[in-house]
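Fold and geometry: a report
Now for the letters of each chain:
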Amino acid sequence: AQSVTQLGSHVSVSEGALVLLRCNYSSSVPPYLFWYVQYPNQGLQLLLKYTTGATLVKGINGFEAEFKKSETSFHLTKPSAHMSDAAEYFCAVSGNTDKLIFGTGTRLQVFP
Amino acid sequence: EAGVAQSPRYKIIEKRQSVAFWCNPISGHATLYWYQQILGQGPKLLIQFQNNGVVDDSQLPKDRFSAERLKGVDSTLKIQPAKLEDSAVYLCASSASRDRGTEAFFGQGTRLTVV
């Protein structure tokens, strides 16, 4: 079975500061891992995904995430936050199938 | 390329009434998903279609929820009768295949409020 834990339901950063959103997963098979972003009143948009190969994955809008099997983590980072990054971020895992299991989300606030 | 279209965007109904949501996936996408997103939670898969066949409906409360995708394109999700706990955003998504890692594209969702 698969599950995802996102630590911190709310994260606040200043514009220009490092963004770090935490995600830990549990999977009985080698996981595929995803980060999605949801802007207010919008659907989810894929930021990046890890399937196999390189453990550091780069996505859109300057975000990246690193798959660490030993820590069962897939944390999302961005070196410098922008006001437009304010949104809700969801980590998701899939196991043997294409079915996505989502975490509870982290709301990112960016202050000027 | 047009995205996933959903309607209506918002719906308010009284408990025990019925409601239906409509989804038009991206053209050519054989796989279609319906998710329920309750406030403060992540999306939860309700049902998955491959063309017009159901792949997974293990999380669908079948006593009150039903869904169909008759011609393998558009889909409707129905709730009858609605309960207060059905208040949520209902998201439709589609993907080009069922291969692991294939990106799912989401619509804007329908926000249902049951009073």
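About the criteria used
In this numbering scheme, every chain counts its residues from 1 along its sequence in written order. Here chains are named by letter from A upward and ligands by number from 1 upward, in the order in which they appear as written. Local features in this predicted model are restricted to residues whose pLDDT is 70 or higher, and side-chain atom pairs enter the listing and the counts only when it is 80 or higher, whereas totals over whole chains, interfaces and linings include all residues. Calculation of side-chain values draws on the structure's entire complement of heavy atoms; hydrogens and water are dropped beforehand. Each helix corresponds to a stretch of at least 4 residues labelled H or I by DSSP, and each strand to a stretch of at least 2 residues labelled E; elements are numbered beginning at the N terminus. Only C-alpha atoms enter the radius of gyration, while the globule expectation follows 2.2 Å times N to the 0.38, with N the number of residues. Here a residue-residue contact requires only that any non-hydrogen atoms of the pair lie within 4.5 Å. For the area figures, the Shrake-Rupley method with a 1.4 Å probe applies, and any residue is considered shielded solely by the protein chains shown. A positive count includes Lys and Arg, and a negative count includes Asp and Glu. His and the chain ends are not counted in either. Here the site of a charge means NZ on Lys, CZ on Arg, CG on Asp, or CD on Glu. Summed over both partners, the accessible surface that disappears when two parts come together, traced with a 1.4 Å probe, is what is meant by buried area. When a carboxyl oxygen of Asp or Glu is within 4 Å of a side-chain nitrogen of Lys or Arg, the pair counts as a salt bridge. Any pair of N or O atoms that falls within 3.5 Å is considered a polar contact. Within protein, one atom must be able to donate a hydrogen and the other to accept it, and sequence-neighbouring residues count only if both atoms are side-chain atoms. Residues are grouped as follows: nonpolar covers Ala, Val, Leu, Ile, Met, Phe, Trp, Tyr, Cys and Pro; charged covers Asp, Glu, Lys and Arg; every other residue, Gly included, is treated as polar.

Per the secondary structure count, chain A includes zero helices and 11 strands. What you see in chain A, going N to C, is helices and strands ordered as β-β-β-β-β-β-β-β-β-β-β. Relative to the 2.2 N^0.38 estimate, which gives 13 Å for 112 residues, the radius of gyration of chain A is 13 Å and therefore close to what a compact globule would have. For chain A, the C-alpha atoms occupy an extent of roughly 40 × 30 × 20 Å along the three principal directions. For chain A, restricting intrachain contacts to residue pairs at least 6 apart in sequence, the fraction spanning at least 24 positions comes to 55%. Only carbon and sulfur atoms are counted for the fraction: they give 53% of the accessible area of chain A, which is about 5,200 Å². Taking the 8 positively charged and 7 negatively charged side chains of chain A as two groups, their mean positions are separated by 5 Å.

Once that is clear, we can look at the interface of chain A and chain B. The parts lose accessible area when they come together, and the size of an interface is often stated as this lost area. Between chain A and chain B, the contact holds 24 residues from the first and 27 residues from the second. Where chain A abuts chain B, roughly 1,800 Å² becomes buried across the two surfaces, and 47% of that area is made up of carbon and sulfur atoms. Joining chain A to chain B, the criterion identifies two salt bridges. We note a salt bridge from Asp56(B) to Lys99(A), for which the minimum N-O separation is 3.7 Å. Remark: the boundary between chain A and chain B carries nine residue pairs in polar contact (both at pLDDT 80 or more). Looking at the side of chain A that touches chain B, the elements with two or more residues in it are strand 4 (32-38), strand 5 (44-50) and strand 9 (87-94) of chain A. At four residues, strand 4 of chain A tops the list of elements feeding residues into the side of chain A that touches chain B. The residue inventory of the side of chain A that touches chain B, partitioned by class, reads 10 nonpolar, 11 polar and three charged.

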